[in-house]
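Coordinate analysis (summary)
One letter stands for each residue in the lines below.
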Amino acid sequence: MKCPWTHIAICLATSCCTSFGGDELKYDFRATSAFTRLSAEQKASLEHVNADLALLKEALQKYAKEHDGRGPKDLESLVPRYVAVLPQDPFATSSTASQKPREGVASSLGGWGYALYENSLFVGVSSVGLPDFPYGAERNYGLHCSALVKPSWAPKGIRLIQEEEELRITGH
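Residues numbered from 1 in each chain as written. Predicted model: local features only at pLDDT ≥ 70, side-chain atom pairs only at ≥ 80, totals over all residues. Heavy atoms only, no water.

1. Considering the overall build of the chain
Across its full length, the chain carries three helices and eleven strands. A burial count over the chain gives 47% of its 172 residues as buried. Taking the contacts inside the chain whose residues are at least 6 apart along the sequence as the reference set, 54% of them involve residues at least 24 apart. Here the chain has roughly 9500 Å² of accessible surface; of this, 53% comes from carbon and sulfur atoms. (Helix = DSSP H or I, 4+ residues; strand = E, 2+ residues; numbered from the N terminus. Buried < 20%, exposed > 50% of the residue type's maximum accessible area, 1.4 Å probe, protein only. Contact = heavy atoms within 4.5 Å. Areas by Shrake-Rupley, 256 points an atom, 1.4 Å probe, with all protein chains shown as cover.)

So this is what it looks like as structure tokens:
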């Protein structure tokens, strides 16, 4: 059946969003007024996060390809086969590293790395930095990206298929 959530956007680490209706919306966080208000250090850290999220998204997709479409239980599972080392989140501080992650989120590197989260259709990676920044879209705040990967808890009979920029959920 065709996915009923045609307005859900998957944020790609390449700074654009693709909606499942097949419409591609070009979005560049660097063109926002929010970006111009950042300090040079914040801009450099944001570019670092952007590169890290692209790396981690690709690693998640490779992992899923070799694991029946499923995502890993934590980012450490990606090392060393899919990434040599996990990158450290440049926005992490001793304060953020000491916070207990919310339910359904697995932090990496003892809180100094990126966090892995799952929702009903995606596995995502997020940074603790700039929670009010429109990274993926004008109304999509926070630094995160998602990969079309089955969450680890998804039933084995469910397959997610993306064809011709259309998401379908099948029972086989």
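2. Regarding the sheet that holds strand E6 (residues 123–126)
Remark on secondary structure: sheet strands pair via backbone hydrogen bonds, oriented parallel or antiparallel. If you trace the four strands from one edge of the open sheet to the other, you get E4-E5-E6-E9, paired in antiparallel fashion. With partners counted over all chains shown, the strands left at the sheet margins are strand E4 (105–107) and strand E9 (144–147), one partner each. In this sheet, neighbouring strand axes are inclined to one another by 20° on average, regardless of whether the strands run parallel or antiparallel. (Pairing = 2+ DSSP bridges. Axes fitted to C-alpha atoms, helices over the stretch in contact; angles between N-to-C directions.)

3. Quick look at the pattern of salt bridges
Summed over all chains, the structure comprises five salt bridges. A salt bridge links Asp28 to Arg30, with the shortest nitrogen-to-oxygen separation between them at 3.1 Å. Each of Asp28, Arg30 and Glu47 takes part in a single network of salt bridges with overlapping partners. (Salt bridge = Lys/Arg side-chain N within 4 Å of Asp/Glu carboxyl O.)

4. A few points about the environment of Asp74
Note that Asp74 resides in the loop between helix H2 (40–66) and helix H3 (94–98). A sequence separation of 33 residues divides Asp74 from Ser107, and the C-alpha atoms of the two residues are 7.6 Å apart. Residue contacts for Asp74: discarding those within four places in its chain leaves Ala106 and Leu116. There is a polar contact of 3.3 Å between the side chain of Asp74 and the backbone nitrogen of Glu76. There is a polar contact of 2.8 Å between the side chain of Asp74 and the side chain of Ser77. (Polar contact = N/O pair within 3.5 Å; in protein donor to acceptor, adjacent residues only side chain to side chain.)

5. Looking at unusual backbone geometry
Cis geometry is found at the peptide bond from Val79 to Pro80, where omega equals 0°. Within the element layout of this structure, Pro80 appears in the loop between H2 and H3. Unusually for a residue other than glycine, Leu109 sits at a positive phi of about 50°. Along the polypeptide, Leu109 turns up in the loop between E4 and strand E5 (115–118). The phi dihedral of Leu130 falls on the positive side, at around 45°, and the residue is not glycine. Within the element layout of this structure, Leu130 appears in the loop between E6 and strand E7 (134–137). Looking at Leu130, the relative accessible area reads 14%, which means it is buried.

6. Re the nonpolar core
By size, the foremost hydrophobic cluster in this structure holds 28 residues, and its most contacted members are Leu46, Leu78, Val125, Phe133 and Leu143. When contributions to this core are tallied by element, the ones reaching two or more residues are helix H1 (33–36), H2, E6 and E9. Tallying contributions element by element places H2 first for this core, with seven residues. Beyond its immediate stretch of four places on either side in the chain, Phe133 contacts Phe29, Thr32, Ala34, Phe35, Leu38, Leu46, Asn140, Tyr141, Gly142 and Leu143. (Core = buried A, V, L, I, M, F, W, Y, C linked by side-chain atoms within 4.5 Å.)

7. Focus on the packing of aromatic side chains
Inspection of every chain in the model, using the stated rule, returns four aromatic pairs. Considering the side-chain rings of Phe29 and Phe35, the 5.9 Å spacing of their centres and the 65° angle between planes classify their relative orientation as edge-to-face. For Phe29, a relative accessible area of 0% puts it in the buried group. Phe35 gets classed as buried once you look at its relative accessible area, which sits at 11%. (Phe/Tyr/Trp six-rings, centres within 6.5 Å; stacked < 30°, edge-to-face > 60°.)

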